[in-house]
Amino acid sequence: MIEKNAVWLITGCSKGFGRALAEEALAAGYRVVVTARRLSDVEGLVAAHADAALGVALDVTDQAAVAAAVAQAEARFGAVDVLVNNAGYGYLGAIEEGDDADMRALFETDLFAPVNLIKAVLPGMRGRRHGHIVNVSSIGGLVTYPGVGYYNMVKAGVEALSDALAKEVGPLGIGVTVVAPGAFRTDFRGPDSIKQSATRIDDYADTAGRARSGTQAGHGKQAGDPARGARAIIMAVEAERPPVHLLIGGDALDQLRAKLDAMRSETDAWEAVTRGTDFA
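Everything quoted here is computed from the prediction, not taken from an experiment. (Residues numbered from 1 in each chain as written. Predicted model: local features only at pLDDT ≥ 70, side-chain atom pairs only at ≥ 80, totals over all residues. Heavy atoms only, no water.)

1. Structural notes on the packing of aromatic side chains
One pass over the structure, following the stated rule, counts three aromatic pairs. Measuring from ring centre to ring centre gives 5.9 Å for Tyr-91 and Tyr-150, while their planes differ by 75°; the resulting arrangement is edge-to-face. In this pair, Tyr-91 is assigned in strand β5 (residues 90-92) and Tyr-150 in helix α5 (residues 149-169), connecting sequence segments 59 residues apart. Taken as a pair, Tyr-91 and Tyr-150 share a single burial class, namely buried. For the pair Phe-107 and Phe-112, a centre-to-centre distance of 6.3 Å together with 45° between the ring planes defines the contact as tilted. Judged by relative accessible area, Phe-107 falls into the buried class, the value being 18%. If you follow Lys-195 out to its NZ or CZ, it ends over the ring of Tyr-89, 4.6 Å from the centre. (Phe/Tyr/Trp six-rings, centres within 6.5 Å; stacked < 30°, edge-to-face > 60°. Helix = DSSP H or I, 4+ residues; strand = E, 2+ residues; numbered from the N terminus. Buried < 20%, exposed > 50% of the residue type's maximum accessible area, 1.4 Å probe, protein only. Lys NZ or Arg CZ within 6 Å of the ring centre and 35° of its normal.)

2. Some words on the pairing of strand β6 (residues 131-136)
For a regular strand, side chains alternate in direction, first toward one face of the sheet and then toward the other. Of all six residues making up β6, six are buried, and the element is well covered by its neighbours. Of the two faces of β6, the one lined by Gly-131, Ile-133 and Asn-135 and the one lined by His-132, Val-134 and Val-136 are each fully buried. Here strand β4 (residues 82-85) runs beside β6; their pairing, made up of four bridges, is parallel. Bridge assignment links Val-82 to a residue of β6, and that residue is His-132. (Pairing = 2+ DSSP bridges.)

3. Some remarks on the pattern of salt bridges
Within the structure shown, the criterion is met by 11 salt bridges. For Arg-212, the salt bridge identified is with Glu-97, shortest N-O distance 3.1 Å. In this pair, Arg-212 sits in helix α6 (residues 205-217) while Glu-97 sits in the loop between β5 and α4 (100-128), placing the two residues 115 residues apart along the sequence. (Salt bridge = Lys/Arg side-chain N within 4 Å of Asp/Glu carboxyl O.)

4. Let's talk about helix α8 (residues 250-269)
Here α8 spans 29 Å end to end across 20 residues, near enough to the 28 Å set by a 1.5 Å rise per residue. Along α8, the residues that are buried comprise Ala-252, Gln-255 and Leu-256. Seen along its axis, α8 keeps its buried residues to an arc of 95°; they face one direction. Exposed residues lying more than 90 degrees from the buried face of α8 are Asp-254, Arg-257, Asp-261, Arg-264 and Ala-269. (Expected span 1.5 Å × (residues − 1). Arc of directions from axis to C-beta.)

Laid out in structure tokens, this is it:
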């Protein structure tokens, strides 16, 4: 269980969930390492909480910068008790339309960077037999749609990473929670936060193409409240038995339940074939 004076290190705090979570954690009395690619984006928040906040410039894809950020956190506060891997971005495009460089950059930021941050804080957490890792995934890591397949891939990876990690570090006193938000009213769908493939193939106009326009049209109309989502994450970390999987947003819950129902129906329909592949 996390103590009230625990130290949180949160990535991607310039806006959106990261910003909301940093604000809520500070309001709840925690000490927070507030990171962003540009330190100027978080200077105001850090200045308003000078005793409890440390601002650190961090490009999560830079392994040296990751190590330096953890070292700064430990030098200032003594430890990192809670790591929140929040930094990331979305990508729109059909699988065939995806650019190779874009795909690799997405994986570097949304999947490999969280792995490197986890590896940077785990030695300290293992030594103390205490800590919690929060990985922000997406309902898109559990449910797929046309036009966001690459984003689905990286977030499915975050889901699998978190599930396996929880089984490895749980016996050492370290908790893991993977958070799958639905649509929240952040800048995630905005033109400055989501990237798109340059290639457009006409045959995908009614699938991936429609997803592109729908995603952008929904910007600013999402039902999820980032502050409430942030408080839900804090509540989960503070719980006596924190969840490994946390959905936030009613739309996320509805989508996952529909996916589970469909999967059960399909696997039940093919049960005889499935079992028929075993040796007689």
